[in-house]
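So you can see what is in the structure, the chains are spelled out below.
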Amino acid sequence: MALEPEGNNRLLQDVLARPGNETCADCGNPEPDWASLTLGVFVCQACSLLHRSIPHISRVKSVQDTWDASDVELMAATGNSAAKAKYEQKVPAFYYRPIHPDCKMLREQWIRAKYERNEFEFIEKQEPYSAGYREGFLWKRGRDNGQFLSRKFILSEREGALKYFNKQDARDPKAVMKIETLNATFQPAKIGNPCGLQITYLKDNSTRNIFVYHSDAKEMVDWFNAIRAARFHYLQVAFPGASDEELVPKLTRNFMKEGFMEKTGPKHTEGFKKRWFTMDDRRLMYFKDPLDAYARGEVFIGSKENSYTVLSGLPSSTQGYHWNHGITIVTPDRKFLFACETEAEQRDWISAFQRVINRPMRPQEYAVEAHFKHKP
Ligand SMILES: [Zn+2]
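Figured I'd write up the structure that's included with this text. (Residues numbered from 1 in each chain as written. Predicted model: local features only at pLDDT ≥ 70, side-chain atom pairs only at ≥ 80, totals over all residues. Heavy atoms only, no water.)

### Remarks on the overall build of the protein chain
Across its full length, the protein chain carries 11 helices and 17 strands. Principal-axis analysis of the C-alpha atoms gives the protein chain an extent of 85 × 55 × 45 Å. Buried positions account for 50% of the 376 residues belonging to the protein chain. Residue pairs in contact within the protein chain that sit at least 24 positions apart in sequence constitute 52% of those at least 6 positions apart. Accessible area for the protein chain stands at about 18800 Å²; split by element, carbon and sulfur atoms hold 50% of it. When the 54 basic and 49 acidic side-chain charges of the protein chain are each reduced to a single mean position, those positions are 8 Å apart. (Helix = DSSP H or I, 4+ residues; strand = E, 2+ residues; numbered from the N terminus. Buried < 20%, exposed > 50% of the residue type's maximum accessible area, 1.4 Å probe, protein only. Contact = heavy atoms within 4.5 Å. Areas by Shrake-Rupley, 256 points an atom, 1.4 Å probe, with all protein chains shown as cover. Lys, Arg positive; Asp, Glu negative; His and termini not counted. Charge placed at Lys NZ, Arg CZ, Asp CG, Glu CD.)

### A look at the coordination of the zinc ion
Within the protein, the zinc ion binds to Cys24 (SG), Cys27 (SG), Cys44 (SG) and Cys47 (SG); these donor distances fall in the range 2.2 to 2.3 Å. Because the angles between the 4 donor atoms bound to the zinc ion fall within 105 to 116 degrees, the donor set is best described as tetrahedral. Donor residues binding the zinc ion come from one chain and are separated in sequence as C-x2-C-x16-C-x2-C. (Donors = N, O, S within 2.8 Å, 3.2 Å for Na, K, Ca; no water. Tetrahedral: all angles 85-135°; square planar, octahedral: opposite > 155°, others 65-115°.)

### Some thoughts on the packing of helix H5 (residues 104-116) against helix H8 (residues 217-238)
The description of two packed helices rests on the angle between their axes and on the distance between the axes. Where H5 meets H8, the closest approach of the two axes is 10 Å, and the angle between their N-to-C directions is 95 degrees. Judged by the angle between their axes, H5 and H8 are roughly perpendicular. Of the residues in H8, those touching H5 at Met105, Leu106 and Gln109 are Ala217, Lys218, Val221 and Phe224. (Axes fitted to C-alpha atoms, helices over the stretch in contact; angles between N-to-C directions. Parallel < 35°, antiparallel > 145°, perpendicular 65-115°, else oblique.)

### So, the pairing of strand E12 (residues 273-280)
Across the 8 residues of E12, 6 count as buried, placing the element largely inside the fold. With 7 bridges connecting them, strand E11 (residues 257-263) and E12 associate as antiparallel partners. Directly across from methionine 261, in E12, lies its bridge partner arginine 275. A loop of 2 residues connects E12 with strand E13 (residues 283-287), the two strands running antiparallel in sequence, and aspartate 281 in this loop sits at a positive phi of about 55 degrees. (Pairing = 2+ DSSP bridges.)

### Quick look at the pattern of salt bridges
This model, assessed by the stated rule, comprises 20 salt bridges. Residues lysine 86 and glutamate 121 are paired through a salt bridge, measuring 3.5 Å at the closest nitrogen-oxygen approach. Separated by 35 residues along the polypeptide, lysine 86 in helix H4 (residues 80-87) and glutamate 121 in the loop between H5 and helix H6 (127-130) bring together distant segments of the chain. Residue classification places lysine 86 among the partly exposed residues on the basis of a relative accessible area of 40%. By relative accessible area, which is 13% here, glutamate 121 ends up buried. (Salt bridge = Lys/Arg side-chain N within 4 Å of Asp/Glu carboxyl O.)

So, in structure tokens, the structure goes:
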């Protein structure tokens, strides 16, 4: 005997309560309230919107809608765990799995890679980021003029480097970025392009930024995962015996916090200047413009055991006009004074600083600290 619609929806709630269905199949967001009837997965609302962009693959429906018995049975027969076993059976360890706060492009490409391109069922489809070599053209922001120009890039695991060339027939690369110090993070808002990728590397222990994009989102995500693969293979050699779980979080880093603050110089009498700050783990860098190629300066933030402290407010002797919400970072060498425009910004920055200060320093971080101490 067929149940009333309310009965079907109660049954659907039972299916939703099964292990694996308590988080979105695609981004891990808790309590998914949409379902793909064709794929048999439960997803969050944000991911359901991305499923709508592949209507030939996925047909979505809210769990609040009226369900008939056959659709409930269909969901009961698959569900997130079974779908994961099928669509994610061969995801490489280095491959980036987006989470809910990631940019839309990354989340959409993850969904398309899984369900539309079936990249993780057939390893031959992973060649663009698994071959250890990749070349192609990317739009790169000019260092000084801010114009995006098409440049040839080569990523070579054998050479341990990402290179780019200014002229198509140039023999020598314009820059060689060692995989050892390379980081890549999607920054669509900052770069002003949905596929905007920030690549950061160290040269002579100073941070350099380049900003690139590709008009094809798949190409850009392939570049990103190729960089992660190169980092993974580099770290496997550098840290023999380390597990995948230890290495994977080190492949690429998102910045802990970015935004404008005001700062003073070492004498604290020069007046406050507005700068763009980026906190990359223990490196607090500042730039005149968010898209500058080089940091104007960097502050290393160690741990509390090594005499680093963050305080709310500024010393009473502080002079000059500045934003209202002060922060003082005390290092073994000097005090750094910052001012935030709002209390919320001040709170966010302090908690970001606190997170690294509360974490003991790793051996290799002492070498970084030593470098900063010897800076004039
Ligand atoms: Zn989701």
